[in-house]
Structure formats: structure tokens, C-alpha cells
Amino acid sequence: VLVLALFSAQPAAAGGWFTSLAASDSSPKGQHRTRNAQAMVDAVAALPAEDRPSRILYLASGAHLAPLALCEVAPADQPCHLVFTEVDAEVGTEIHDALAAAARAGRIADLESAPDGEDAPPTSWTFTAADRSIGLELRVRPEADNLIIAEDLRDADLVINHDWSGEPLGNLRVIDEFLE
């Protein structure tokens, strides 16, 4: 498992379909959702192609969509699957709205979400982008203590940690303690 720790907010500048998705919403909220995409892509693109992740875990995601850019550099022969963990269930609505807007704009295709109802926000999506199959699952855990569980780490090729607590070293300690 690779761990990518991000501590600054850089605007999205990755190439390909994700750049067009990011550019389609220039509002402050849209820019916030796509920040650090280039740093993520650069870190993963530096790996040998056979070592690049296709199963990505993003801790305390919020509605931040930048990890989707990693699908552009993931192994071409595998679907790209992302798991986001979050304490706020309403984030599902924000993610859904952003993906639906991207689908309407032709940036992604074949968007499906579940649950598909009015009782609860969506927690999983599938779509295609640049002929790649992408799956996104939001795992809502109301207790911050449960943002990292063994199953999540076991199933991930890459874990993305960012400064959810406002203390970068504290966030790395959480992962370190969990891995011990």
C-alpha cells in the first residue's frame, strides 16, 4: 500500500478528461473540489506503469474529486475504483451533483448512482471517462474514529491522506498507528 500525503492546495492542472471536468466549474467551490489533482497525478505518474494503483482510498474526502484524476494514469487494462471515507452523508449529494453536471457537459458518460432515491444521498457511482470504467464508493462513517478500518486498507493500492484535522503530522500518525 502506498500512502500519499498532501498538505497544500494546488489548483487542478492535470491533463485529459479530468482537466476538462475541473475547468467546467470555475467557482470557488468547483476549484476546491479539484485542488491537488496535479500533485496526485505527478506522484503516481512517477511510478513504473506496473506499480500504479487502480484501487484508491481517500480518507476524509468531503466532496473533493481530485483523486478521480488518478484514473488517467492508472493501469489501462483495469477499471479504476475509488473509495472515499467521510463523516458527513450529505457529501454524497455534492459528489452526485458534480458528477451529474460533468455528465450533462459530456465530460463523463454512462453515469449511474445508488441508492437511486430521494430518501438518502447516493453513495456509489459508476461512469466512463476516456473509455475507462470508473467506480466511486462513498463510505459514510459518522464517527471520525472510524475513517480508517482494516478492510479499507487491505483493499487499497494507494491511500491518500490530506490535512483533515488541520495538523498534517497528526494525520500521518493516525495512519502509522493503525498500520502498527
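Residues numbered from 1 in each chain as written. Predicted model: local features only at pLDDT ≥ 70, side-chain atom pairs only at ≥ 80, totals over all residues. Heavy atoms only, no water.

Engineer: Would you mind showing me how to read the packing of aromatic side chains here?
Structural biologist: To describe a pair of aromatic rings, one takes the distance between the centres and the angle between the planes. Applying the stated rule across the entire model yields one aromatic pair. Note on Tyr58 and Phe84: the rings are 5.4 Å apart at their centroids and 70° apart in plane angle, and the pair reads as edge-to-face. Here Tyr58 is found in strand β2 (residues 55–58), whereas its partner Phe84 is found in strand β3 (residues 80–86), with 26 residues between them in sequence. The exposure class assigned to Tyr58 is buried, which follows from its relative accessible area of 0%. (Phe/Tyr/Trp six-rings, centres within 6.5 Å; stacked < 30°, edge-to-face > 60°. Helix = DSSP H or I, 4+ residues; strand = E, 2+ residues; numbered from the N terminus. Buried < 20%, exposed > 50% of the residue type's maximum accessible area, 1.4 Å probe, protein only.)

Engineer: For this particular structure, what's the right way to read the pattern of salt bridges?
Structural biologist: Pairs can form between side chains of opposite charge once their charged atoms are near each other. Evaluated as defined, the whole model comprises four salt bridges. The shortest N-O distance in the salt bridge between Arg139 and Glu137 comes to 2.9 Å. By relative accessible area, Arg139 is classed as buried at 15%. A relative accessible area of 25% places Glu137 in the partly exposed class. Where Arg141 meets Asp152, a salt bridge forms, and the shortest distance between an N and an O atom there is 2.7 Å. (Salt bridge = Lys/Arg side-chain N within 4 Å of Asp/Glu carboxyl O.)

What is shown is where atoms sit, not what they do.
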